[in-house]
Amino acid sequence: MIPVKFYKYIFAFIMSAFMAFFMSFVLTYLNLGFVDGFVKIWLAAYIKALMVAYPVIFFIAPLAAKLAHSICSK
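These notes cover the structure that comes with them.

Rules used in this analysis
Residues numbered from 1 in each chain as written. Predicted model: local features only at pLDDT ≥ 70, side-chain atom pairs only at ≥ 80, totals over all residues. Heavy atoms only, no water. Core = buried A, V, L, I, M, F, W, Y, C linked by side-chain atoms within 4.5 Å. Buried < 20%, exposed > 50% of the residue type's maximum accessible area, 1.4 Å probe, protein only. Helix = DSSP H or I, 4+ residues; strand = E, 2+ residues; numbered from the N terminus. Contact = heavy atoms within 4.5 Å. Expected span 1.5 Å × (residues − 1). Axes fitted to C-alpha atoms, helices over the stretch in contact; angles between N-to-C directions. Parallel < 35°, antiparallel > 145°, perpendicular 65-115°, else oblique. Left-handed = near helix turned anticlockwise from the far one by under 90°. Nonpolar A, V, L, I, M, F, W, Y, C, P; charged D, E, K, R; others polar.

### Focus: the nonpolar core
Of all hydrophobic cores here, the largest spans 5 residues; its members are Ala 17, Ala 20, Tyr 46, Leu 50 and Ala 53. When residues of this core are traced back to their parent elements, those giving at least two are α1 (7-32) and α2 (38-71). The element contributing the most residues to this core is α2, with 3 residues. Those residues in contact with Tyr 46 that lie beyond four places of it in its chain are Ala 17, Ala 20, Phe 21 and Ser 24.

And the structure:
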């Protein structure tokens, strides 16, 4: 198992992997439809999206958590 001190890195990676996976699929489909080579095009878009999503989620997740806590009542 991975030590808990790496939780924020692992969480950001898993969250960004799922988010980039689904978003790249949807956007590739909306822009191109199911064309020949769709999977190859989609996976190339996924890799690029993951490279952007990981740092964004890593830095934004704590801010989003604070915002959510301040908006929600006890």
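### Quick look at α1
Here α1 spans 37 Å end to end across 26 residues, near enough to the 38 Å set by a 1.5 Å rise per residue. Every buried residue of α1 is accounted for by Ala 12, Ser 16, Ala 17, Ala 20, Ser 24 and Thr 28. Elements that come into contact with the buried residues of α1 comprise α2. Following α1 by one or two positions, Gly 33 has its phi on the positive side, about 75°.

### Quick word on the packing of α1 against α2
Two elements in contact, α1 and α2, have axes separated by 6 Å at closest approach and are oriented at 140°. Considered as vectors, α1 and α2 are oriented oblique to each other. Where α1 crosses over α2, the handedness of that crossing is right-handed. Residue composition of the contact of α1 with α2, by class: 23 nonpolar, 3 polar and 1 charged.

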